[in-house]
Structure formats: C-alpha cells, structure tokens
Amino acid sequence: AQSVTQLDSQVPVFEEAPVELRCNYSSSVSVYLFWYVQYPNQGLQLLLKYLSGSTLVKGINGFEAEFNKSQTSFHLRKPSVHISDTAEYFCAVQTQGGSEKLVFGKGTKLTVNP
Amino acid sequence: GAGVSQSPSNKVTEKGKDVELRCDPISGHTALYWYRQSLGQGLEFLIYFQGNSAPDKSGLPSDRFSAERTGGSVSTLTIQRTQQEDSAVYLCATRQGAGYGYTFGSGTRLTVV
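Note that the structure is a prediction, hence the values are computed from the model and not measured.

Topic: the overall build of chain A
Stage number 1. Along its length, chain A carries zero helices and twelve strands.
Stage number 2. Its helices and strands in sequence order give chain A the pattern β-β-β-β-β-β-β-β-β-β-β-β, from N to C terminus.
Stage number 3. Taking the principal axes of its C-alpha atoms as reference, chain A extends roughly 45 × 30 × 20 Å.
Stage number 4. A burial count over chain A gives 46% of its 114 residues as buried.
Stage number 5. In the form shown here, chain A has an accessible surface area of approximately 5,500 Å², with 49% of it arising from carbon and sulfur atoms.

Some details on unusual backbone geometry
Stage number 1. Residue B:S7 is joined to B:P8 through a cis peptide bond whose omega torsion reads -10 degrees.
Stage number 2. Residue placement: B:P8 occurs in the loop between strand 1 (5-7) and strand 2 (10-13).
Stage number 3. The phi angle at A:E16 is positive, at roughly 75 degrees, despite the residue not being glycine.
Stage number 4. Exposure remark for A:E16: the relative accessible area of 61% places this residue in the exposed category.
Stage number 5. Of note in the backbone geometry, A:N61 takes a positive phi value of approximately 60 degrees without being a glycine.
Stage number 6. As for its position among the elements, A:N61 is in the loop between strand 7 (56-58) and strand 8 (64-68).

Observations regarding the environment of B:V113
Residue and element names in this part refer to chain B.
Stage number 1. With respect to the helices, strands and loops of the structure, V113 is situated in the segment after strand 11 (108-112).
Stage number 2. Once the C-alpha coordinates of V113 and T82 are considered, the two residues, 31 residues apart in sequence, prove to be 9.3 Å apart.
Stage number 3. Not counting chain neighbours up to four residues away, the residues in contact with V113 comprise V12, T13, E14, K15 and Q84.

With respect to the sheet that holds strand 7 (residues 65-69) of chain B
All names here are of chain B.
Stage number 1. Strand order in this open sheet of four strands is 1-3-8-7, and the pairing throughout is antiparallel. Each of the sheet's edge strands pairs with one partner strand only, and the pair in question is strand 1 and strand 7. Neighbour-to-neighbour, the strand axes of the sheet open up by a mean angle of 15 degrees, direction not taken into account.
Stage number 2. Relative to strand 3 (residues 19-24), strand 1 runs antiparallel, the two sharing three bridges.

Remarks on the packing of aromatic side chains
Stage number 1. The final tally for this structure, using the stated rule, is 15 aromatic pairs over all chains.
Stage number 2. Relative to B:F45, the ring of B:Y35 has its centre 5.8 Å away and its plane inclined at 70 degrees; by these criteria the two rings are edge-to-face. Within this pair, whereas B:Y35 is found in strand 4 (residues 31-38), its partner B:F45 is found in strand 5 (residues 42-50), the two being separated by ten residues in sequence. Like B:F45, B:Y35 is buried.
Stage number 3. An aromatic cluster is defined as three or more aromatic residues linked by ring pairs; in this entry it consists of A:F34, A:Y36, A:F90, A:F104, B:Y33, B:Y35, B:F45, B:Y48, B:Y102 and B:F104.

What about the state of the cysteines?
Stage number 1. In this structure the tally under the stated criterion is two disulfides over all chains.
Stage number 2. Paired by a disulfide, A:C23 and A:C91 hold their sulfur atoms 2.0 Å apart. Negative torsions about the S-S bond denote left-handed disulfides, and the value of about -65 degrees found for A:C23 with A:C91 makes this one left-handed. Of this pair, A:C23 sits in the loop between strand 3 (19-21) and strand 4 (24-26) while A:C91 sits in strand 10 (residues 87-95), and the two are 68 residues apart along the sequence. Considered together, A:C23 and A:C91 belong to a single accessibility category, that of buried residues.
Stage number 3. Residue B:C23 pairs covalently with B:C92 via a disulfide, S to S 1.9 Å. One disulfide, between B:C23 and B:C92, carries an S-S torsion of -65 degrees and so falls in the left-handed class. One end of the pair, B:C23, is in strand 3; the other, B:C92, is in strand 9 (residues 88-95), with 69 residues separating them in the sequence.
Stage number 4. Judged by relative accessible area, which is 0%, B:C92 ranks as buried.

Conventions and cut-offs
Residues numbered from 1 in each chain as written. Chains lettered and ligands numbered in written order. Predicted model: local features only at pLDDT ≥ 70, side-chain atom pairs only at ≥ 80, totals over all residues. Heavy atoms only, no water. Helix = DSSP H or I, 4+ residues; strand = E, 2+ residues; numbered from the N terminus. Buried < 20%, exposed > 50% of the residue type's maximum accessible area, 1.4 Å probe, protein only. Areas by Shrake-Rupley, 256 points an atom, 1.4 Å probe, with all protein chains shown as cover. Contact = heavy atoms within 4.5 Å. Pairing = 2+ DSSP bridges. Axes fitted to C-alpha atoms, helices over the stretch in contact; angles between N-to-C directions. Phe/Tyr/Trp six-rings, centres within 6.5 Å; stacked < 30°, edge-to-face > 60°. Disulfide = S-S within 2.5 Å.

Rendered as structure tokens:
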C-alpha cells in the first residue's frame, strides 16, 4: 500500500519569503507524484506533477518540486510567496497501473502574512 | 461539460435519512473517483469507476455507502441511514487517461444534524 506524509500541518511565512512544503511517500511500486492546491472554499487544482524524466518539475504560479527517489521525497518550493498563495496544499501519489487512485497526504496549510 | 459538476453543492440532512450525491464528469473521461474530505483528515479514497464498473471500492467505509455509474457518465453516491460522522465534503474527480492528473469537482458539503 502507498502512503504520503506531509510533515507540517501548518506553515506560516511572510510575503516574499521562500517556502518549502515537505512531502515523503512510501510505496513498493512505481508511482507518479502530484501536488494539488485548494484555495479557501474552492475545489482542488493541480499544481504540478512528476511522471518521469527530469526530477525537477515546474508548475503553475511559480512553484516547483524535486523528486528524490533515494529519500522518497517530493518537496514543494517557491522562492518568493505572495499573499494569494495562502491555501492548503496536498501531496499525492498515484500507482502506475491498476486503479491508479490517488493517495493523499493530510495537507499543509500555508498562510502568507503581510 | 467543461468541468466536473457536482450537485447539490450543500446538503443538510437529519440523522438516519438517506442522501444521494451526484457527479457529472467531463465528457470522455472514463475513470471516475469519489473522495471524502474531512476536517484534519485530508482526502480519503472511496471508490473508483472505470466505465460503469467499479473495480476498486475498497475505500467505502461501511455497507451504508454505495455508488453507481450509468452510461459511463453520471455517477451517484448514496449514503443510507446517515450518521453525524458522515459529515464531510464529498469530492468527485475524473481522469483523462493513464498518467494524467485528476480534475476535481467543487464537491458536496454534507452536514448531518
């Protein structure tokens, strides 16, 4: 079975500061990796994904993430955050083949303060 | 349609009543998933449809929960004899194909009083 651990449930930062949201996963089979964002009172939106190839993937809104197979991590980063980045961020893994269901972490609430 | 549509957006029901939640997927998306989002619990997988069949229903929490999909399109999630712990946001998502990300609907917020 797969599992995802988001180490920080809440991350407060000041505007224009860098941020890293941590994600570790566990799986006995090959997986795809995703980050989703959920703005207040909205649905989930895909931020970025890793399927194969370059381990550094870039997503929308200036976010990027790096896949580290040896550390089974997929941390999300942004060099300078904005107030509008305040949202909840979910890391997820998807097995290759089969139902390909997404297994989500419990989320990290990012709060950007002025 | 252009996106995944869920109805109703909000549902308040009395404990013990049955509820039906509806999901209209993106046209042509054959894979459909139901998830439940509870406060502090993240997103919990409930059931997966490929076409009209449900090869993975391992996430349904009890036999009070059931789902069906007809015509490879609309899906309904039914909760019988609702309990307060069923209160959550129920999300539907569809997927274009292998390796593609999901497209989520806005969810149905269910409150059992």
